[in-house]
Amino acid sequence: MRELLTIGVFARAARLSPKALRLYDELGLLRPAEVDNDSGYRLYAPEQLEQARLIAWLRRLGMPLERIRQVGELPAPEQAAQIGAYWDQVLAETAERGRLATFLVDYLSGRGSTMGTLGLRYAARSETGLVRDSNEDTAYAGPRLMAVADGMRGPGGDRASSAAVDALKTLETVTIPAGDLLGSLAEAVRAASQSVGELDGEAATTLTALYWSGSQLALAHIGDTRAYRLRDGELSLITVDHTYVRSLVAEGRLTEAEAAVHPQRSLLVKALTGAGDETPDLSLHEAAAGDRYLLCSDGLATTVPEPELRSVLATPGDPAQALDELFSRAYAAGAHDNVAAVVADVVPA
């Protein structure tokens, strides 16, 4: 006769409460092996202990019940992959909340910047280049938002970059609570990912965006579009390319010189695909009068060397003039890819 355990005995063995087991039964996470017809008691098989413990461990991780149900239906190797992906998401969201908490503490304690003392001048431009027959790049600049996106080459690339940037444009019209600049941008990026996912066929895009308020700039970045800052004549790259080659450089397996000529230097490891599990880099930056920011696709960054970028950005002139010179140099170098860029100057309000 098959050995079955009462709910009380099974709960003690699994280190769960009978109440939790009844909830798991109601939600379809862990059904009893049998239910006594006369008493209605739930009876469990000893081999269900491992499943019960897994559910309990995942609950301790904070995994939502619906996701636990999905994980429970997978073989062990896929369960491990799903749990790892979930925990990566938790760590990214925790880091995001930590940065926001730090900003709030500084702002509310008087150590943060006052609002409304600075303004922006900006220009945006996107062109096909000399070689490509279509343009998958999108560039946008407005009073509070700047963004560049590079859609994946092929069907849907142009629609993906445009959909991602269009989703962010809602930030121009909403009122953001004090201290919620980074959180609002993160929410908008999630909406951008959803917009990409709703397109027909396989679509994906990179995205780099700056969202402005007072003297604060929130930065969101995924892929190999880039953001640079020119301050006091020094040009700094403030994003990290999400490429296979960049990961090899970070691990010390490639030098910068080797990375520049590697045949897989454009292979992305992260992009907006609409899958819902993308984790963009998020950061908050303090702006200063005189700063100049450049957002650009790899069609500019890989064509015009960084010393030339610095020289052009450091030359007096408004953002539109700077873009004219940057695009001229990209075309002079062959403009083998689409080219998109935004230049924004921080000025006294």
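### A few points about the nonpolar core
Item 1. If you look at the biggest cluster of nonpolar residues, it comprises 30 residues, and the most contacted ones within it are Leu168, Leu185, Val189, Leu207, Tyr211 and Leu272.
Item 2. Secondary-structure elements contributing two or more residues to this core are strand 6 (145-150), helix 6 (157-168), helix 7 (181-197), strand 7 (207-213) and strand 8 (216-222).
Item 3. Of the residues forming this core, the biggest block, eight residues, is contributed by helix 7.
Item 4. Of all hydrophobic cores here, the second largest spans 22 residues; its members include Tyr24, Leu49, Ala52 and Val90.

### Quick notes on the packing of helix 1 (residues 7-14) against helix 2 (residues 18-26)
Item 1. In contact at an axis separation of 9 Å, helix 1 and helix 2 are set at 100° when each is read in the N-to-C sense. Taken together, helix 1 and helix 2 sit at an angle that is classed as roughly perpendicular. Contacts from Ile7, Phe10 and Ala11 of helix 1 reach helix 2 at Pro18, Leu21 and Arg22.
Item 2. Across the contact of helix 1 with helix 2, the residue classes tally to five nonpolar, no polar and one charged.

### Describing helix 1
Item 1. Every buried residue of helix 1 is listed here: Ile7, Phe10, Ala11 and Ala14. In an axial view of helix 1, the angular spread of the buried residues amounts to 100°, which keeps them on one side of the axis.
Item 2. Trailing helix 1 by a residue or two, Arg15 shows a phi angle of about 60°, which is positive.

### What about the pairing of strand 13 (residues 339-348)?
Item 1. The element strand 13 is largely enclosed, with a buried count of nine among its 10 residues.
Item 2. Here strand 4 (residues 118-127) runs beside strand 13; their pairing, made up of 10 bridges, is antiparallel. When the bridges of strand 13 are listed, Arg121 appears paired with Asp345.
Item 3. Here strand 12 (residues 292-296) runs beside strand 13; their pairing, made up of five bridges, is antiparallel. Paired with Cys296 across the bridge in strand 13 is Ala341.

### Some points on the confidence of the model for the protein
Item 1. Across the protein, the average pLDDT comes to 85, with 86% of residues at or above 70.
Item 2. Counting interchain partners and residues more than four positions distant, the pLDDT-below-50 stretch residues 110-115 has 13 contacts.

Thresholds applied
- Residues numbered from 1 in each chain as written.
- Predicted model: local features only at pLDDT ≥ 70, side-chain atom pairs only at ≥ 80, totals over all residues.
- Heavy atoms only, no water.
- Core = buried A, V, L, I, M, F, W, Y, C linked by side-chain atoms within 4.5 Å.
- Buried < 20%, exposed > 50% of the residue type's maximum accessible area, 1.4 Å probe, protein only.
- Helix = DSSP H or I, 4+ residues; strand = E, 2+ residues; numbered from the N terminus.
- Axes fitted to C-alpha atoms, helices over the stretch in contact; angles between N-to-C directions.
- Parallel < 35°, antiparallel > 145°, perpendicular 65-115°, else oblique.
- Contact = heavy atoms within 4.5 Å.
- Nonpolar A, V, L, I, M, F, W, Y, C, P; charged D, E, K, R; others polar.
- Arc of directions from axis to C-beta.
- Pairing = 2+ DSSP bridges.
- pLDDT = per-residue confidence, 0-100.

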